[in-house]
Amino acid sequence: YSHSIEGLNGIFTARLWTTIRAENVQQRANNDYLAGLLQKVLEIHNKFPDPQEATPDVVKLLELEKQPLQWFQDDKTLTGTVVVDDLQNDKLQSIKNAIIDSKKSGNNLRVGIITKDGTISPEMKAKFDSNDISEDNITIYSVNNVQGSEVDFVIFDAEIINEYTFLRDKLRALYTFTSRARSGVIIIDKELKTKHAGLIESTFGITQADKARYSRK
């Protein structure tokens, strides 16, 4: 199916996008879930001339449709979408090892970092440096130029979702950002440090699956 989405270039075809980009079962499942959820939210918004009027129905839908994001990690890679309270060294080490393995077969995996303005903090840069992930493997995007990009891993802070006003646009941003990754996504949700439910869960009702439920495929 296809749907014309305001703010995106051309026609949004959810199944085509997810099939092309995701290279593992976890990421495919997550993309299909978010794409389907976004489609239903857009259908709700099409019924209302004022986006604010759609909010109650969207909240009900998110509650009914919520399910955990799938992910898996071992020492060689990270797949699916994981939500963490900080950019953890073990996650970066898994990505680094995936990069090293890919070079043996002549490939060069890419890590996309999405920020509000296309710059990263010195602290984040230091994290990559300390885990020996080269700048040659990193591309930094802003929220305005990430559309249409495709990398192997994506990292972004959940706070940039709050740059958008309506739940429709927050969900569209979440789908757009996470679906840039062929393999795995790390969402940094600092609210997990102080609250039972982080920003992603409190906004969308989307929880984090126990990785033990999944295997590398």
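Computed from a predicted structure; not experimentally measured. (Residues numbered from 1 in each chain as written. Predicted model: local features only at pLDDT ≥ 70, side-chain atom pairs only at ≥ 80, totals over all residues. Heavy atoms only, no water.)

Student: Account for helix α4 (residues 89-104), naming residues and giving values.
Tutor: Counted at 1.5 Å a residue, the expected span for α4 with its 16 residues is 22 Å, and the 23 Å between its end C-alpha atoms agrees. Inspection of α4 places Lys 91, Leu 92, Ser 94, Ile 95, Lys 96, Ala 98, Ile 99 and Ser 102 among the buried residues, and these make up the whole buried set. The inward-facing, buried residues of α4 contact β3 (71-73), β4 (78-84), β5 (111-115), α5 (122-130), β7 (151-157) and β8 (181-188). Where α4 terminates, the next one or two residues include Gly 106, which has phi positive at roughly 85°. (Helix = DSSP H or I, 4+ residues; strand = E, 2+ residues; numbered from the N terminus. Expected span 1.5 Å × (residues − 1). Buried < 20%, exposed > 50% of the residue type's maximum accessible area, 1.4 Å probe, protein only. Contact = heavy atoms within 4.5 Å.)

Student: Requested: an account of the nonpolar core, with residues and values cited.
Tutor: Core analysis: the biggest nonpolar cluster contains 37 residues, and Ile 114, Phe 156, Leu 171, Leu 174, Phe 177, Ile 187 and Ile 206 have the highest contact counts within it. In terms of residue count, helix α2 (residues 25-45) provides more of this core than any other element does, 8 residues in total. Those residues in contact with Phe 177 that lie beyond four places of it in its chain are Ile 114, Val 143, Val 146, Val 154, Phe 156, Ile 160, Ile 161 and Tyr 164. Judged by nonpolar contacts, the second largest core, of 20 residues, contains Leu 87, Leu 109, Ile 133 and Ile 186. (Core = buried A, V, L, I, M, F, W, Y, C linked by side-chain atoms within 4.5 Å.)

Student: With reference to specific residues and values, describe the packing of aromatic side chains.
Tutor: Taken as a whole, this structure holds 1 aromatic pair when the rule is applied. Ring plane angle 70° and centroid distance 5.4 Å describe the contact between Phe 156 and Phe 177, whose orientation is recorded as edge-to-face. Of this pair, Phe 156 sits in strand β7 while Phe 177 sits in helix α6 (residues 167-178), and the two are 21 residues apart along the sequence. (Phe/Tyr/Trp six-rings, centres within 6.5 Å; stacked < 30°, edge-to-face > 60°.)

Student: Help me get a handle on the packing of α2 against α6, residues and values and all.
Tutor: As a packed pair, α2 and α6 sit with axes 10 Å apart at the nearest point and diverge in direction by 155°. The angle between α2 and α6 falls in the class roughly antiparallel. Read as a crossing pair, α2 and α6 show a hand that is left-handed. On α6, the residues touching Gln 27, Asn 31, Leu 34, Ala 35, Leu 37, Leu 38, Val 41, Leu 42 and His 45 of α2 are Arg 168, Leu 171, Arg 172, Leu 174, Tyr 175 and Thr 178. Of the residues that constitute the contact of α2 with α6, the class distribution is 9 nonpolar, 4 polar and 2 charged. (Axes fitted to C-alpha atoms, helices over the stretch in contact; angles between N-to-C directions. Parallel < 35°, antiparallel > 145°, perpendicular 65-115°, else oblique. Left-handed = near helix turned anticlockwise from the far one by under 90°. Nonpolar A, V, L, I, M, F, W, Y, C, P; charged D, E, K, R; others polar.)

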